[in-house]
Amino acid sequence: MWGAWILLSAATLFLVASCARNVPYWDDWKLVPVLLRLQPPSLAWIWDQCNEHRLPLSKALMLALARLSGDDLRGAMVGSAVLLCALPAVMLLTLRRLAGGLSWTDLVLPVALLNWGHQFNLLFQLQLHFVLAIVLFVGVLMVLLRLVEPAPPADAPANGPGTWPLFAVALPLPWVSGLGLCLTPVLVMWMVWAAERAPRPSLRRALRLCAALSTVWVTVLLFNLPSSPASGPGFVGLGDTLATAQRCLSTALGPVGRELWPWSGLYVTLVGLATVVLLVRVMLREPERRLGASVLLAGLLSLGGLALVIGASRAGLGWEAGFAPRYVTVMAPGLCLAHLAWRLHGRGLGRRGVPALLCVTLVLALPFNAWLGLRDAQQHAAELGALEADVRAGMPDVDVARIHWPRVCPSEVVLGEDLEMLRLRRRWLFQPGG
């Protein structure tokens, strides 16, 4: 199991090393003036919205990684890869502790989270906020499982073990982006509900305090949302919303989810519904395991709610909107949570059969996800590499902008202005020896 994790982590890092380019892409150009030292960073820049999101924590991390890497935009891409590689390791360690060991079916976790189908979020600097939000979200769930699933020993200290990691992963989540903001409310409601049922006074106090602070953060951010989405026509009807949400859910299988539609949507939906039924049954019939089951249920409901939000805001963009490659990283943890639920709470045939089904499905999909992801990653690298080559060859900025903007930037004007500023300030590829 750990050998598979190491191999898939190495493959993920190899993809970034071979296909990442030190070239801004699409919305990255909005960040260029600060990240490449054309303007000094400020709190206003940290707080300024980007499309539908405010990204204070993500922008601060991108700025730090850019400075640490010598103003190389690939620093954020490496950061995304490292975070994503750490995620299945954390889940495997948690599962080993709670289940008493690992099974071959646990291969689901690294295969779902480390296939090359995640290439879009790994090779696009701004997508650090997607990866960071998912890592913190899953981190909250794993911390909560460790706190509530095992029975504490009789001689445990009064304050209980490990409540501080809860604050470390839960409180930053809403500040990452709109993605983290959408994932937080269900977790807050769970904390309020669980605070009256937690086994230790210290844990009850920690849950109440974390819920209160998270509620304040969410309220502040909601009152500072943009008045309207930066893209998309908004809500276009319940039917289109549900269909787009289901397409989004199907990307949990990777890019192959689009190729296998509608069967991929049906598969993911049935697995999700069966897992919800399992967890509700455990909560009703096994009071001593209610809190652990409810953590996984809260995680699944959070991801389902996020899929509905995506469906409501993107349905009007057409049939393809739900299959956007950035959603692979967001939805893949749903299958991982389903796997944990059946491993920890399943009974009889279901305990062995459902994890085996998930494992076989994702392992069979792995070569197809690798091929689709590598194809798109190489095309992305070629497009950015062509811009880089023309800049290095001394092509005039207006010509570079005219030729390349449809593939790398939302606006020819923005691309031309940024290239001119970078040339005048001798930054990026224009600096001596660049």
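Basis of the calculations
- Residues numbered from 1 in each chain as written.
- Predicted model: local features only at pLDDT ≥ 70, side-chain atom pairs only at ≥ 80, totals over all residues.
- Heavy atoms only, no water.
- Helix = DSSP H or I, 4+ residues; strand = E, 2+ residues; numbered from the N terminus.
- Buried < 20%, exposed > 50% of the residue type's maximum accessible area, 1.4 Å probe, protein only.
- Contact = heavy atoms within 4.5 Å.
- Areas by Shrake-Rupley, 256 points an atom, 1.4 Å probe, with all protein chains shown as cover.
- Lys, Arg positive; Asp, Glu negative; His and termini not counted.
- Charge placed at Lys NZ, Arg CZ, Asp CG, Glu CD.
- 1 Å grid on protein atoms, 1.4 Å probe; cavity = no way out; pocket = protein on both sides within 12 Å on 5 of 7 lines; lining within 4 Å.
- Points joined across faces, edges and corners; volume = space filled by probe spheres on them.
- Core = buried A, V, L, I, M, F, W, Y, C linked by side-chain atoms within 4.5 Å.
- Nonpolar A, V, L, I, M, F, W, Y, C, P; charged D, E, K, R; others polar.
- Polar contact = N/O pair within 3.5 Å; in protein donor to acceptor, adjacent residues only side chain to side chain.
- Expected span 1.5 Å × (residues − 1).
- Arc of directions from axis to C-beta.

**Describing the overall build of the protein chain**
A count of helical and extended segments in the protein chain gives 20 helices and two strands. Each principal axis of the C-alpha atoms in the protein chain carries an extent, and together these give about 70 × 45 × 45 Å. The buried share of the protein chain, taken over its 434 residues, is 53%. Of the contacts formed within the protein chain by residues at least 6 apart in sequence, a portion of 77% connects residues at least 24 apart. With the model as given, the accessible surface of the protein chain reaches about 18000 Å², and the carbon-plus-sulfur share is 67%. When the 35 basic and 25 acidic side-chain charges of the protein chain are each reduced to a single mean position, those positions are 11 Å apart.

**Re the layout of surface pockets**
In this structure, the second largest pocket encloses a volume near 460 Å³. As for the second largest pocket, its lining consists of 21 residues, of which L249, T269, G272, L300 and G304 are closest to the centre. Those elements that place two or more of their residues in the lining of the second largest pocket are α13 (238–250), α15 (263–285), α16 (290–314) and α17 (327–345).

**Overview of the nonpolar core**
Across soluble globular proteins, nonpolar side chains have a tendency to be buried as a group. If you look at the biggest cluster of nonpolar residues, it comprises 101 residues, and the most contacted ones within it are M91, L166, W190, M191 and L207. The leading source of residues in this core is helix α8 (residues 128–148), at 17 residues. Setting aside residues no more than four positions away along its own chain, L166 makes contact with V140, V143, L144, L171, M191, L207 and C210. Membership of the second largest hydrophobic core comes to 36 residues, among which are C50, L63, F120 and C409.

**Some remarks on the environment of C19**
Relative to the assigned elements, C19 resides in helix α1 (residues 2–19). Through-space distance from the C-alpha of C19 to that of Q378 is 6.2 Å; in sequence the pair is 359 residues apart. Ignoring anything within four residues of it in the chain, the contact list for C19 reads L123, A377, Q378 and A381.

**A short note on empty space enclosed by the protein**
In this structure the tally under the stated criterion is two cavities of 30 Å³ or more. Lining the largest cavity are E52, H53, R54, P174, S177, G178, L181, L221 and L225. Counting only elements with at least two residues in the lining of the largest cavity, the list comes to β2 (53–54) and α11 (178–194). Classifying every residue of the lining of the largest cavity gives four nonpolar, three polar and two charged.

**Quick word on the environment of T361**
Checked against the element boundaries, T361 lands in helix α18 (residues 348–392). From its side chain, T361 meets the backbone oxygen of L357 in a polar contact 2.7 Å long.

**Comments concerning helix α12 (residues 201–222)**
In this model α12 runs 31 Å from its N-terminal to its C-terminal C-alpha over 22 residues, within 8% of the 32 Å that 1.5 Å per residue would give. Where α12 is concerned, the buried positions are S202, L203, A206, L207, C210, A211, S214, V218 and L221. Here the buried residues of α12 occupy an arc of 155° about the axis, which is enough to place them on one side. In this structure, the buried side of α12 is in contact with α3 (43–47), α8, α9 (164–170), α10 (173–176) and α11.

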